[in-house]
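# Structure at a glance
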Amino acid sequence: LTASLVAAVLTIIFTIFAFIGTRRRMRATEEGKKSNRAASSESKSLLDKATFVLTLITLVLLTVTIIIRIIETGRGPFANMYEFALAFSWGIVLMGMLFEWRYRTAAVKNMGFIISILLLIFAMVQHQKAEPLVPALQQSVLLSVHVASAVVAYGILTIGFSSALIFIIQNRIN
């Protein structure tokens, strides 16, 4: 869990640097300066690749953490807030990556990453030992499918919220 949190924070940091580099390139292009164009283009691709790799590492680490918890408990991650916050964070990162792939913009994914980091911090505070389920939750397949679909739906909802927030902010600025 700590490694996932560190990877998510590093992703945000690299994203900020990539954004600053992109803004500098845009200003240089607007002012007609084309001398450092090749170097800035090279740094952009390097920072973008580093951000993508860190995003992928974060997703893999979250997936491994969830799988370890499933092996440890013998059930899906739905018994307590620690497990659900972890799965919710995984859903946000996954949906953010899909949104970035589909629409070629990282802004929404980055907003989702901030929410994911907050959820991972919350999960670290809520960490609980694996315990057997209470009898009311011992419904086999149906409950697992319900929680899995809820995690994906919450991830999509968070990315949709981020999209709407960015749209509203851009409209206010323009």
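These remarks concern the structure in this document. (Residues numbered from 1 in each chain as written. Predicted model: local features only at pLDDT ≥ 70, side-chain atom pairs only at ≥ 80, totals over all residues. Heavy atoms only, no water.)

## Side note on the pattern of salt bridges
Applied cut-off: What counts as a salt bridge is simple: a side-chain nitrogen of Lys or Arg found within 4 Å of a carboxyl oxygen of Asp or Glu. Helix numbering and strand numbering both begin at the N terminus, where a helix is a DSSP run of H or I of at least 4 residues and a strand a DSSP run of E of at least 2. The buried label goes to any residue with under 20% of its type's maximum accessible area, the exposed label to any with over 50%, and the partly exposed label to all in between, with areas taken from a 1.4 Å probe on protein chains only.
Evaluated as defined, the whole model comprises three salt bridges. Close ionic contact of arginine 69 with glutamate 83 constitutes a salt bridge, the shortest N to O distance being 2.7 Å. Pair noted here: arginine 69 is in helix α2 (residues 37-73) and glutamate 83 is in helix α3 (residues 81-103), with a separation of 14 residues, a long-range link. Across the pair, glutamate 83 and arginine 69 agree in class, each one buried. Linking glutamate 100 and lysine 109 is a salt bridge whose minimum nitrogen-to-oxygen distance equals 3.2 Å. For glutamate 100, a relative accessible area of 23% puts it in the partly exposed group. Residue lysine 109 is classed as buried on the basis of its relative accessible area, which comes to 2%. Each of Arg69, Glu72 and Glu83 takes part in one network of salt bridges that share partners.

## What to know about a nonpolar patch on the surface
Threshold: Within the patch definition used here, like charges are joined within 9 Å and nonpolar side chains (Val, Leu, Ile, Met, Phe, Trp, Tyr) within 5 Å, considering only residues with over 30% relative accessible area and no salt bridge. Per-residue accessibility takes into account occlusion by the displayed protein chains alone, with areas from the Shrake-Rupley method and a 1.4 Å probe.
On the surface, Val6, Val9, Leu10, Ile13, Ile16, Phe17, Phe19 and Ile20 cluster together to form a nonpolar patch covering roughly 680 Å² of accessible area. Note on placement: isoleucine 16 falls in helix α1 (residues 2-30).

## So, the nonpolar core
Applicable threshold: Side-chain atoms within 4.5 Å link the members of a nonpolar core, which is a set of buried Ala, Val, Leu, Ile, Met, Phe, Trp, Tyr and Cys residues. Contacts are assigned to residue pairs with any non-hydrogen atoms lying within 4.5 Å of each other.
Residues Leu86, Leu120 and Val147 are the most contacted members of the largest nonpolar core, which totals 29 residues. Mapped by element, the contributors of at least two residues to this core are α1, α2, α3, α4 (107-126) and α5 (141-173). Among the elements that make up this core, the one with the highest residue count is α3 (ten residues). Leaving out residues up to four positions away in the same chain, leucine 120 has contacts with Leu1, Ser4, Leu5, Ala8, Leu62, Leu86 and Ser89.

## Some details on unusual backbone geometry
Not every positive phi belongs to a glycine, and arginine 104 is a case in point at roughly 55°. As for its placement among the helices and strands, arginine 104 is situated in the loop between α3 and α4. With a relative accessible area of 66%, arginine 104 lands in the exposed category.

## A few points about the packing of α3 against α5
The test is simple: Angular values range over 0 to 180 degrees, each being the angle between N-to-C directions of two axes fitted as lines to C-alpha atoms, with helices fitted over their stretch in contact. Should an angle lie under 35 degrees it is considered roughly parallel, over 145 roughly antiparallel, and from 65 to 115 roughly perpendicular; all remaining angles are considered oblique. Whether a crossing is left-handed or right-handed is set by the direction in which the near helix is turned from the far one by less than a right angle, anticlockwise for left-handed and clockwise for right-handed.
Running from N to C, α3 and α5 point in directions that differ by 55°, and their axes come no closer than 8 Å. Overall, the two elements α3 and α5 adopt an arrangement that is oblique. Judged by the sense of rotation from one axis to the other, the crossing of α3 with α5 is right-handed. Counting all contacts with α3, which are made through Phe84, Ala87, Phe88, Trp90, Gly91, Ile92, Met95, Gly96 and Phe99, the residues of α5 involved are Val147, Val151, Val152, Tyr154, Gly155, Ile156, Thr158, Ile159 and Ser163.

## Observations concerning the environment of leucine 165
Position of leucine 165 relative to the elements: it lies in helix α5. In the structure, leucine 165 is positioned 54 residues away from methionine 111 in sequence and 9.2 Å away in space, judged by C-alpha atoms.

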